[in-house]
Amino acid sequence: MIERLLTTAAHAPTDANSQDRGFLVLSTRESIDAFESFLADGFRFWLAEALKKGMKEESKEVRRTRALLQAHEAGLHPTFRQAPIVICAFARADNVFGW
């Protein structure tokens, strides 16, 4: 089923029909948890930078990010919520417009 989904997605139209994207499939609990921890690190970095740049503690973004990080630290897996498989689509950073 996953292979069929990825095959269909790989042939879907894209900007300029470049279809210049890939898919990351995480299918083990260890890989999903590791990716979620990686994302939490990114949220921590974003939060620190946002506060340095003057974003207010009471802002919706800061409150939501803090709540997500607290849930992650409590072992609740707030990002993927115990999903058995995680599929991420990605494109090259240098291909902004798909040409």
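Residues numbered from 1 in each chain as written. Predicted model: local features only at pLDDT ≥ 70, side-chain atom pairs only at ≥ 80, totals over all residues. Heavy atoms only, no water.

Trainee: Help me understand the side chain of His72, please; the structure alone is not making it clear to me.
Mentor: Among the secondary structure elements, His72 is positioned in helix α3 (residues 60-73). With a relative accessible area of 17%, His72 lands in the buried category. Beyond its immediate chain neighbours, meaning those up to four positions away, His72 contacts Glu36, Ser37, Ala40, Arg44 and Pro78. (Helix = DSSP H or I, 4+ residues; strand = E, 2+ residues; numbered from the N terminus. Buried < 20%, exposed > 50% of the residue type's maximum accessible area, 1.4 Å probe, protein only. Contact = heavy atoms within 4.5 Å.)

Trainee: Help me understand unusual backbone geometry, please; the structure alone is not making it clear to me.
Mentor: Most peptide bonds take the trans form, and the phi angle of most residues other than glycine is negative. Not every positive phi belongs to a glycine, and Arg81 is a case in point at roughly 50 degrees. As for its position among the elements, Arg81 is in the loop between α3 and β2 (86-90). When its relative accessible area of 67% is taken as the criterion, Arg81 is described as exposed. Within the chain, Gln82 stands out as a residue other than glycine whose phi angle is a positive 65 degrees. Here Gln82 lies in the loop between α3 and β2.

Any functional reading would require information beyond the geometric quantities listed.
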